[in-house]
Amino acid sequence: MTEPRRYETALGASTRETITLLGTDLARDVMGTVGFGELAFWLATQRRPSPGETRVFESVLAALADHGFTPTAIVTRLTYLSAPDSVQGALAAGLLGGGSRFLGVTEDCGRFLDDVLRAQDELPTDDAGWDALALATVQREREARRFVPGLGHHVHKDGDPRTPRLMQIAAEEGLVGPHLSLFAAIGRVHPQVLGKTLPLNGAGVCGAALADLGLPLELLRGFALLARTAGLIGQLAEELRHPVANDVFLSVDLNNRSVPPDPYGGPRG
């Protein structure tokens, strides 16, 4: 007789009497004992984070949870207006908008910094060394006409308040690693190359911090979306009590104007 196929997992598994999660009894050892941020880290890495790692990780989640009427928040409210019977659709609509301009910068910055670091035979040991590496990095990106992820913000043009605070928290916990060190150095030296000073944005510093925590680079956007899910639930909760989605819809619908067609493309000859 053929043995039944086994599907192994260290995550959730159930018997008739118990539920295990990460090798522990869910009801007895996790519920009421482990905070959600700590559990999210534990699920992703399959190792329980230290209190300092948990503090930095949860600070990242707080930094990315909500940032006002961003496109992700607006589309969530508008989708709920269109389909109030589908909360999951409204949340999904907002999360699907997490890309290269909003939320996705967290992953883009973490990957960018990691690529630079992996290309080095030895990492710097002081600020001067980090500044030299950052300067060469920014110059290379400028020559290639590429943007440096994490530089600039459309609102916080004089400095994103989340950035120094997260760096402070990481320093307090002894968790400033090479990604945050390089990111901070980019903030110091980029004006020499660009001829102007841009802020290090919150999404970028979050990517650097998550990478320093050893979290999978492929999942950095996932953590940003995890954080934003809480924010979008807040947006929907406020929409229920103080709706604005219909006003947004009507401001467009009642103020559109008809113009002649503007054909795109056509046969090439």
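In this report, we go over the structure that sits alongside the text. Model, not experiment: these values are computed from the prediction.

1. Things to note about the overall build of the chain
Logical step 1: When its secondary structure is counted, the chain shows 12 helices and 3 strands.
Logical step 2: Referenced to the eigenvectors of the C-alpha coordinate spread, the extents of the chain come out at roughly 70 × 55 × 50 Å.
Logical step 3: Relative to its 269 residues, the chain shows a buried fraction of 40%.
Logical step 4: Restricting to contacts in the chain with at least 6 residues of sequence separation, those with at least 24 account for 72%.
Logical step 5: Here the chain contributes 25 positively and 32 negatively charged side chains, and the mean placements of these two sets differ by 5 Å.

2. Overview of the packing of aromatic side chains
Think of a pair of aromatic rings as described by two things: how far the centres are apart, and how the planes are tilted against each other in angle.
Logical step 1: Under the definition given, this model contains 2 aromatic pairs.
Logical step 2: Judged by centre distance (5.5 Å) and plane angle (85°), the rings of Phe41 and Phe57 are edge-to-face. Remark: Phe57 occurs in helix H3 (residues 51-64) and Phe41 occurs in helix H2 (residues 36-45); sequence separation between them is 16 residues.
Logical step 3: On the accessibility criterion, Phe41 (0% relative accessible area) is buried.
Logical step 4: Between Phe57 and Phe223, the aromatic rings sit 5.5 Å apart at their centres with planes inclined by 90°, giving edge-to-face as the arrangement. In this pair, Phe57 sits in helix H3 while Phe223 sits in helix H11 (residues 220-241), placing the two residues 166 residues apart along the sequence.
Logical step 5: The structure contains a cluster of three or more aromatic residues connected by ring pairs, namely Phe41, Phe57 and Phe223.

3. As for the pattern of salt bridges
Logical step 1: Scanning all chains against the criterion turns up 17 salt bridges.
Logical step 2: Arg55 is the salt-bridge partner of Glu173, the closest N and O atoms lying 3.0 Å from each other. Of this pair, Glu173 sits in the loop between helix H8 (162-172) and helix H9 (178-194) while Arg55 sits in helix H3, and the two are 118 residues apart along the sequence.
Logical step 3: For Arg162, the salt bridge identified is with Asp160, shortest N-O distance 2.7 Å. Judged on exposure class, the residue Arg162 and its partner Asp160 are both buried.
Logical step 4: Several salt bridges converge on common partners, so that one network encompasses Glu107, Asp108, Arg111 and Arg221.

4. Points about a nonpolar patch on the surface
Logical step 1: Residues Phe69, Ile74 and Val248 make up a contiguous nonpolar surface patch of about 240 Å² in total accessible area.
Logical step 2: Looking at where Ile74 falls in the secondary structure, it is placed in helix H4 (residues 71-82).

5. Quick look at H2
Logical step 1: Every buried residue of H2 is listed here: Gly37, Glu38, Leu39, Ala40, Phe41 and Trp42.
Logical step 2: Where H2 is buried, its residues meet strand S2 (19-21), strand S3 (24-25), helix H1 (26-30), H3 and H11.
Logical step 3: At the C-terminal side of H2, Gln46 shows a positive phi close to 60°.

6. Let's talk about the packing of helix H6 (residues 105-118) against helix H10 (residues 202-212)
Logical step 1: Here H6 crosses H10 at 55°, and the two axes come no closer than 7 Å. Relative to H10, the element H6 is oriented oblique. In this structure, the crossing between H6 and H10 has a hand that is right-handed. Every residue of H10 that contacts H6 at Val105, Thr106, Cys109, Gly110 and Leu113 is listed here: Ala203, Gly204, Cys206, Gly207, Ala208 and Leu210.

7. Describing the nonpolar core
Logical step 1: With 48 residues, the main nonpolar core has Phe57, Leu113, Leu182, Phe183, Ile186, Leu210 and Leu215 as its most contacted residues.
Logical step 2: Counting residues per element, this core draws most heavily on H9, which supplies 8 residues.

8. Concerning the sheet that holds S3
Whenever strands of a sheet pair, they do so through backbone hydrogen bonds, lying parallel or antiparallel.
Logical step 1: Reading across the sheet, the 3 strands line up as S1-S2-S3 and stay open at both edges, with antiparallel pairing between neighbours. The sheet is open, and its two borders are formed by strand S1 (13-14) and S3, each paired with just one other strand.
Logical step 2: Pairing of S2 with S3, which is carried by 2 bridges, proceeds in the antiparallel orientation. Paired with Leu21 across the strands is Thr24, a residue of S3.

Conventions adopted
Residues numbered from 1 in each chain as written. Predicted model: local features only at pLDDT ≥ 70, side-chain atom pairs only at ≥ 80, totals over all residues. Heavy atoms only, no water. Helix = DSSP H or I, 4+ residues; strand = E, 2+ residues; numbered from the N terminus. Buried < 20%, exposed > 50% of the residue type's maximum accessible area, 1.4 Å probe, protein only. Contact = heavy atoms within 4.5 Å. Lys, Arg positive; Asp, Glu negative; His and termini not counted. Charge placed at Lys NZ, Arg CZ, Asp CG, Glu CD. Phe/Tyr/Trp six-rings, centres within 6.5 Å; stacked < 30°, edge-to-face > 60°. Salt bridge = Lys/Arg side-chain N within 4 Å of Asp/Glu carboxyl O. Patch = residues over 30% accessible without salt bridge, like charges linked within 9 Å, V, L, I, M, F, W, Y side chains within 5 Å. Areas by Shrake-Rupley, 256 points an atom, 1.4 Å probe, with all protein chains shown as cover. Axes fitted to C-alpha atoms, helices over the stretch in contact; angles between N-to-C directions. Parallel < 35°, antiparallel > 145°, perpendicular 65-115°, else oblique. Left-handed = near helix turned anticlockwise from the far one by under 90°. Core = buried A, V, L, I, M, F, W, Y, C linked by side-chain atoms within 4.5 Å. Pairing = 2+ DSSP bridges.

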